[in-house]
Amino acid sequence: MSSVPKETAAKRPRHREATLYQPLAGAGARDGAAASAAEDGDSAALLAHLRERALATYETSELPVWRRSGFWTTSYAPLDLGALEVRHHEPATADAAAPLPDAAARTLPERPRAGRIVQLDGSVVSIELDVSLAARGVRLCSLEDAAAEGSEAFARWYSKRLTADRHKLEAANAAFWSGGAFLHVPAGVVVEDPFEIVHVVGAPGSAQHARVLIVGGPTSEFRVHEYTLAESFDGQALHTEGFELYLEDGARCRLAHYQDLGSAEIYDSTTRVVAVGRDAFCHWLPALLGGHLVRQHLELAVMEAGGDMAFRGIFFAENEELLDMFAVDLHEAGPSGGDVHWRGAAAGSSRASMEGLIKINPGAQQTHTYLQIHTVMLSPRARIDAIPSVLVSADDVSASHGGSVGELDEDVIFYMQSRGLDRTAAVRVLVEGFFEPVLGQLADEPLEAVVRARIAEKLAAAREDIEAYAAGR
Amino acid sequence: MAELEIRDLHVRIEELEILKGVDLSIDRGEIHALMGPNGSGKSTLANTLLGHPNYEITQGAIIFAGQDITEAEPHERAKAGLFLAFQYPVSIPGVSIANFLRMAINAKREEPIGVKEFRGLLERAVELLDVDRSFTSRPLNDGFSGGEKKRAEILQMAMLAPDIAILDETDSGLDIDALRTVAEGVAKLHASQGLGALIITHYQRILHYIKPQFVHIMLDGRIVLRGGEELVERLEREGYDQIRQEHSAVV
């Protein structure tokens, strides 16, 4: 078992800035030395250099406290980082029958899959891959192994767009990640069933620094379902994640994330970047369904002309949860297309902030994109900020946005009651219907069932709150 | 005792009394028309009968199938066999008509309805209302025209097979063809299922397709005049003003 460096006792001024709500815009973590190592195909040197630089940032920065809009604060200050450590378990073997961690066993649907990699805390504990896909050159392994093997895709793409110096937790991820997941689908390979990438935070005191690199070769087609889960426990834990998906020319991917860290005091700091190449397409749907404190920077970049994407998302915060999301629809070249549609709910005393940004760079002419954010509050104590915005630096484009924050409509509930549904069922139908325009686009029945079941659980848990809210209006 | 008995019903919204003592009895198989000008309390009566929480009953009782349902929850009234076709049906995005109907039917049953039985019911209802089968795959009332909404209401009524239905201005906003389709649908349900109905309307035209046995005129929160079909003809000739003058003592 290894530990991350302990926090120094001295308190430095905390990081307060709005720059975190800016797109990465392809910055990446690579400097000249990293670029040279990548050019030489020296994955080990590239990784060592980037870890070293990230460590320097980690050691000189404080736990972030972000404020913006004058009223929103996301603070990791209560996290006792010095008490956390990266926990390691028995490494994965070729034995595909390795038992799943409990949280994964409870959540993952029984269904056909192309492959699966499971990371518990700091270790990859299970890897399986359809042998016929392996024979066609598909590679699914730990990211550590990919780096050690000198994977060309690793050298080419690792940390190409993920930064490592914006804050302490991002630097921690880049410096200390272990295990990790690497998926490479070679050119022309079409895979019907999804690849599953699973992260489970297993115990209090655990610092899980998860890292994922996925590369879709030209004209490949595949699906990825990523699960971020946790066991139930008392005490603090941390999940950081750096996720990169690169789609080369003409590649197509349907990507879905299911995130539910449950009721434990787990702090999440995640940055996910999806980059779409020439004539490539990505349908991306994160379902963010819980966690004590969750901050997600989700960026979908169309890198080259002809790239297209559909960026959907749902979130549901409850109890005392804080969910801070920043979703970017970035167009670096045109013509390109985009369609961003998020829906979310907040119950209990939770707070959820969804900031969505369309950014169209100079030269990305003939880009057409639309951003909409719709939310519903299920409690008088819940708070939602829905902030759509547009930054356009080209003059032959169409970009628009819209958003709404609403409450449950009592007339609709009465309508359903008048047809025989009791109030609880009516509220459930109403909220499920609210999510349906996005949820139905998962186009994957087993995963849809998992998400629907979790939403139903959350609604059941919030029932008294919803009733009190209705009575008070 | 009639299937539905409304006794001396007084209803208010916030501090404003809308219904000021309504008595009405409706049996299965009977067609009643309730007519009155805007603001007379017709829709308040409809919503109160189904238990809308915004309407407070301050006096009187509603008896349905021998049970006092004055305080019952809306879904309990529906399960007992009451139905309201709304004047302004709300939309429920993300929920198809077919799925909603399956949920509503299952809410009234011990065991969920079988796929085959449900499909059979749905096909008969679709035929009755002269709509395309694909209509039932659309989210309920979401983006519907006025006519489609009213058809969807009657489609639900056909599927849920209530004992007594209240049709709150179902004829408003319908063109003549849609009106005929909807009205004929109601008439067929009346004939085939023994449906009892309270048809609330401003106008006479729907009553050309569904002949009421009983006609009630409501003014200022009270039923001031009762009769048969001849009342409809009188209204056509004289309008509400004449009746209002005759009953000026109470209105």
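Everything numeric here is computed off the predicted structure, so don't read it as measured data.

So, the confidence of the model for chain A
Okay, step 1: Per-chain confidence: chain A averages 91 in pLDDT, with 94% of residues scoring 70 or above.
Okay, step 2: Note that pLDDT drops below 50 for residues 1–18 of chain A; the model gives that stretch 29 contacts with residues more than four away or on any other chain.

What about the environment of B:T48?
Residue and element names in this part refer to chain B.
Okay, step 1: Mapped onto the fold, T48 is located in helix α1 (residues 42–49).
Okay, step 2: Residue T48 is classed as buried on the basis of its C-beta count, with 25 C-beta atoms lying within 10 Å.
Okay, step 3: For T48, the residues in contact, after removing those within four places along its chain, are V11, L19, Y55 and I57.

Here we look at the nonpolar core
Side chains that are nonpolar tend, in soluble globular proteins, to be buried together.
Residues and elements named next belong to chain A.
Okay, step 1: V276 and C282 are the most contacted members of the largest nonpolar core, which totals 228 residues.
Okay, step 2: Here this core gets nine residues from one element, more than from any other, and that element is helix α9 (residues 423–439).
Okay, step 3: What C282 contacts, discounting residues up to four positions off in sequence, is L247, C253, L255, V274, V276, L300 and M309.

A few points about the packing of helix α4 (residues 115–128) of chain B against helix α5 (residues 146–160) of chain B
Residue and element names in this part refer to chain B.
Okay, step 1: It is at 9 Å that the axes of α4 and α5 come closest, and there the two elements cross at 140°. By the criterion of interaxial angle, the relationship of α4 to α5 is oblique. Handedness of the α4/α5 crossing: right-handed. From α4, L121, L122, A125 and L128 reach across to α5, where they touch L155, A158 and M159.

Looking at the interface of chain B and chain A
Okay, step 1: Contacts between the two partners involve 21 residues from chain B and, on the opposite side, 18 residues from chain A.
Okay, step 2: Mapped onto the side of chain B that touches chain A, the elements with two or more residues apiece are α2 (74–80), α3 (97–107) and α5 of chain B.
Okay, step 3: If one sorts the elements of the side of chain B that touches chain A by residue count, α2(B) sits on top with four residues.
Okay, step 4: Across the side of chain B that touches chain A, the residue classes break down as 14 nonpolar, four polar and three charged.

What about helix α7 (residues 230–246) of chain B?
Residues and elements named next belong to chain B.
Okay, step 1: Taking 1.5 Å as the rise per residue, α7 with 17 residues should run 24 Å; its terminal C-alpha atoms sit only 17 Å apart, a clear shortfall.
Okay, step 2: Its axis deflected by about 95° at E238, α7 carries its strongest bend there.
Okay, step 3: Residues of α7 that are buried in the fold lie against β3 (31–35), β9 (214–219) and β10 (222–227).

What to know about the packing of helix α2 (residues 43–60) of chain A against helix α7 (residues 168–176) of chain A
The axes of two packed helices give the description: the angle between them and the distance between them.
Residues and elements named next belong to chain A.
Okay, step 1: One can describe the packing of α2 onto α7 by two numbers: an axis separation of 8 Å at closest approach and a directional angle of 150°. With respect to each other, α2 and α7 are oriented roughly antiparallel. Crossing of α2 against α7: the hand is left-handed. Side by side, α2 and α7 meet where L50, R51, A54, L55, T57 and Y58 of the first sit next to K168, A171, A172, A174 and A175 of the second.

Digging into the environment of A:E128
Okay, step 1: Structurally, the position occupied by A:E128 is in strand β4 (residues 123–129).
Okay, step 2: With 197 residues separating them along the chain, A:E128 and A:M325 place their C-alpha atoms 32 Å apart.

Thoughts on the pairing of strand β7 (residues 195–201) of chain A
Residues and elements named next belong to chain A.
Okay, step 1: Most of β7 is tucked away: seven of the seven residues are buried.
Okay, step 2: Neither face of β7 is open: one carries F195, I197, H199 and V201, the other E196, V198 and V200, and all of them are buried.
Okay, step 3: Examined bridge by bridge, strand β3 (residues 115–120) and β7 share six bridges and lie parallel to one another. In the strand pairing of β7, I117 is matched with I197.
Okay, step 4: Sheet topology note: the β7/strand β9 (residues 221–230) ladder contains seven bridges and is parallel. Counted as the bridge partner of V201 is A230 from β9.

Brief notes about the pairing of strand β6 (residues 181–185) of chain A
On a regular strand, each side chain points to the face opposite its neighbour's, so the side chains alternate between the two faces of the sheet.
Residue and element names in this part refer to chain A.
Okay, step 1: Among the five residues that make up β6, five are buried, leaving the element largely enclosed by the rest of the structure.
Okay, step 2: Here β6 shows two buried faces, one formed by A181, L183 and V185 and the other by F182 and H184.
Okay, step 3: Across three bridges, strand β5 (residues 139–141) lies against β6 in antiparallel orientation. Directly across from L140, in β6, lies its bridge partner L183.
Okay, step 4: Strand direction decides the pairing type here: β6 and strand β8 (residues 207–216), joined by five bridges, are parallel. Residue F182 lies in a different strand from β8, and its bridge partner there is L213.

Basis of the calculations
Residues numbered from 1 in each chain as written. Chains lettered and ligands numbered in written order. Predicted model: local features only at pLDDT ≥ 70, side-chain atom pairs only at ≥ 80, totals over all residues. pLDDT = per-residue confidence, 0-100. Contact = placed C-beta atoms within 7 Å. Helix = DSSP H or I, 4+ residues; strand = E, 2+ residues; numbered from the N terminus. Buried ≥ 20, exposed ≤ 12 C-beta atoms within 10 Å, placed from the backbone. Core = buried A, V, L, I, M, F, W, Y, C linked by C-beta atoms within 7 Å. Axes fitted to C-alpha atoms, helices over the stretch in contact; angles between N-to-C directions. Parallel < 35°, antiparallel > 145°, perpendicular 65-115°, else oblique. Left-handed = near helix turned anticlockwise from the far one by under 90°. Nonpolar A, V, L, I, M, F, W, Y, C, P; charged D, E, K, R; others polar. Expected span 1.5 Å × (residues − 1). Bend = angle between axes of the 7 residues up to and from the residue. Pairing = 2+ DSSP bridges.

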